[in-house]
Structures are given as structure tokens and as C-alpha cells.
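# Tertiary structure, described
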Amino acid sequence: MQAKVIVEEKSLYRNVLVYEENGLRCMKFGKHDNGRQACIALDNPEAIVFNSPKMQLGALYLNPSPRNALIIGLGGGIVTVALQKMYPDIQIDNVEIDPAVVKVSQQFFHFTPSRNTRIYTDDGRVFVKQALRKKLQYDMIFLDAFDHLSVPEHMTTREYLLELKALLAPDGVMAANTFSSGQLHAAESATYADVFGPYYNLQVHNRVILTRLGGLPGMDQIRQNAARMKERFDQLSIDANWLVPLFATDARWPAGTRLLTDQYSPSNLLNGRPLEQTP
């Protein structure tokens with residue numbers, strides 16, 4: 001079936017295209033972009049159809065009782081809407097640099113901010129620096145700013161991750177949605193490990209990194225929390241039998257892999273290079 005274009009919203013960054021195809025309504029950046037930023041099922045808009053937001057919401061297996069959350073990157077508002085549905089009283093700060101994305105999400109993806117959700121049109125790193133000055137803290141941080149090529153370079157660095165870490169409340173959880181491969185995958189893995197220590201690495205095409213201040217819960221606790229969250233996750237079409245086995249701690253990278261820093265963060269270049277094999 002040929003895709004039906006619903007709207008092309010002009011943007012200062014990349015025009016935002018909304019189209020329908022095979023029972024889905026999707027968002028992408030520009031006519032020639034092969035990636036999709038968000039999709040919803042036309043016959044069941046509350047069901048989450050992408051793997052990446054399902055994996056991001058696996059953060060709730062590390063902390064099933066968040067009081068507040070920071071979400072950097074909006075997409076179609078999928079994660080924000082899910083959290084609002086599961087936790088009606090949760091306080092959410094959602095940061096999105098592109099006003100066109102906010103407009104399209106509200107008009108075409110059933111994204112309606114609750115009374116406890118604040119939308120900020122800002123660069124994610126600028127917002128984080130301002131939040132640090134205000135001494136804000138969050139139980140959960142979702143890092144979800146990307147296009148189909150890479151995460152913005154200034155949001156991959158050790159310095160930025162340290163800033164995010166400083167915003168986490170005690171036992172706070174961080175979920176980072178990435179889809180890097182090759183040398184970027186290695187550099188990113190090493191950088192997250194340097195800042196946060198051990199983390200869960202969930203991967204289906206792209207990957208989601210999950211970590212928690214104070215140490216990771218073990219898999220027994222993950223399974224207990226998954227059982228606790230089952231009813232809420234079932235409403236979103238997230239199957240624990242699919243999600244729990246994705247939790248792994250076996251991310252590897254070559255010895256001596258260079259960390260990503262504010263002085264060295266060529267994410268677009270590294271994303272296109274295969275991983276160099278070590279002897």
C-alpha cells in the first residue's frame with residue numbers, strides 16, 4: 001500500500017512529515033528520510049507499536065514508582081502519554097527543540113499534556129544546564145533526542161552525561177534511546193560505563209541503555225517488578241515475556257576505546273565506521 005501523506009509541517013530544522021501506511025500513522029523528518037520518529041496504530045492509538053519506546057519504558061522495571069520524570073525529545077509523545085496513563089499524578093518535564101514536532105504530535109498523535117506535564121521548546125543540553133542551576137532532581141530521565149542518523153553530538157559526551165547524572169534523585173533511573181553501531185557503539189558504551197558504571201543493554205535493531213544510581217537491581221528484582229507492572233504494561237501492548245529477556249549487561253568494546261567528550265564527539269562519522277576488531 002502506498003503511503004498517504006497527511007501533512008508536511010514546515011520547520012526551521014527539518015520539515016516534519018506525517019503519513020499513513022499499513023494501518024499506521026507515522027512521523028518522519030523530510031520526504032526523503034527513511035527513518036520513522038514515531039508511529040501509532042490507527043485502530044488502537046494507545047498501543048505502543050515501536051520497540052524503542054517499549055524498551056525505554058523498561059526503565060520502570062528499575063523503579064516502578066516514579067514521582068517525576070524528565071524526557072528530552074518528544075517524537076510523537078509516545079513515552080510521555082504512556083507515563084501519564086500509568087501514573088496520573090506524575091510530574092513530567094518534556095523538552096523538544098522543534099516547535100513543529102510539538103504541533104504535529106498534538107494534532108496527529110493523540111498527545112495531550114496532562115495538568116502535571118510541562119512542555120519546553122528548548123535544546124536538551126541548555127535545559128539541563130538550567131535545571132542544574134535550579135537544583136532540580138528527577139526520579140527518571142529519558143534521553144530520546146535523535147534523528148535516523150545519530151544522537152546530536154553534544155548529547156553524547158561524558159560532560160553531558162555527568163550533567164544528567166547530577167539531575168537524578170537518589171536511586172534515579174536513566175534511559176537512553178540510541179541506535180548506534182560500529183565505532184560509535186563502542187565509544188558510546190565506554191562513555192556510559194565511565195559515567196554510570198554497569199548498565200542494562202537492551203537491543204532490537206537500535207538499543208536502549210538503562211542504568212540506576214546506587215547500582216542496578218538484579219534480574220530477580222527485574223522479574224518481580226515486571227510482574228508488578230504487568231497490568232499497566234498490558235494496556236500499552238508491552239509483553240513482559242518479550243521485554244525481560246532483552247535485559248543484558250554484556251555490552252563490550254575494545255580496550256582503549258576513546259571516550260566521547262565535548263572536545264571529541266564525532267558521532268556522525270563514527271556511526272558509519274565498522275567496529276575495529278581487536279586481536
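This is a predicted model, so every value here is computed, not measured.

### Comments concerning the overall build of the protein chain
- Helix and strand content of the protein chain: nine helices and twelve strands.
- Rg of the C-alpha trace for the protein chain: 18 Å, near the compact-globule value of 19 Å for 279 residues, within the 12% margin.
- Summarising its shape, the C-alpha atoms of the protein chain cover approximately 50 × 40 × 40 Å along the three principal directions.
- Evaluated residue by residue, the protein chain yields a buried proportion of 55% over its 279 residues.
- Of all intrachain contacts in the protein chain linking residues separated by at least 6 positions in sequence, the fraction that spans at least 24 positions is 69%.
- Accessible surface, the protein chain as shown: approximately 13100 Å² in total, 49% of it carbon and sulfur.
- Once the 29 positive and 29 negative side-chain charges of the protein chain are each reduced to a mean point, those two points are 2 Å apart.

### Some points on the sheet that holds strand S4 (residues 38-41)
- Spatial strand order, S1-S2-S3-S4-S5: five strands in an open sheet with antiparallel pairing. The open sheet terminates on both sides in strands that have one partner only, identified here as strand S1 (4-9) and strand S5 (44-48). Across the sheet, the mean angle from the axis of one strand to that of its neighbour is 25°, orientation sign disregarded.
- Note that S4 and S5 share two bridges and pair antiparallel. Considered in S5, the bridge of Ala41 is made with Asn44.

Conventions we followed
Residues numbered from 1 in each chain as written. Predicted model: local features only at pLDDT ≥ 70, side-chain atom pairs only at ≥ 80, totals over all residues. Heavy atoms only, no water. Helix = DSSP H or I, 4+ residues; strand = E, 2+ residues; numbered from the N terminus. Rg over C-alpha atoms; globule rule 2.2 N^0.38 Å. Buried < 20%, exposed > 50% of the residue type's maximum accessible area, 1.4 Å probe, protein only. Contact = heavy atoms within 4.5 Å. Areas by Shrake-Rupley, 256 points an atom, 1.4 Å probe, with all protein chains shown as cover. Lys, Arg positive; Asp, Glu negative; His and termini not counted. Charge placed at Lys NZ, Arg CZ, Asp CG, Glu CD. Pairing = 2+ DSSP bridges. Axes fitted to C-alpha atoms, helices over the stretch in contact; angles between N-to-C directions.

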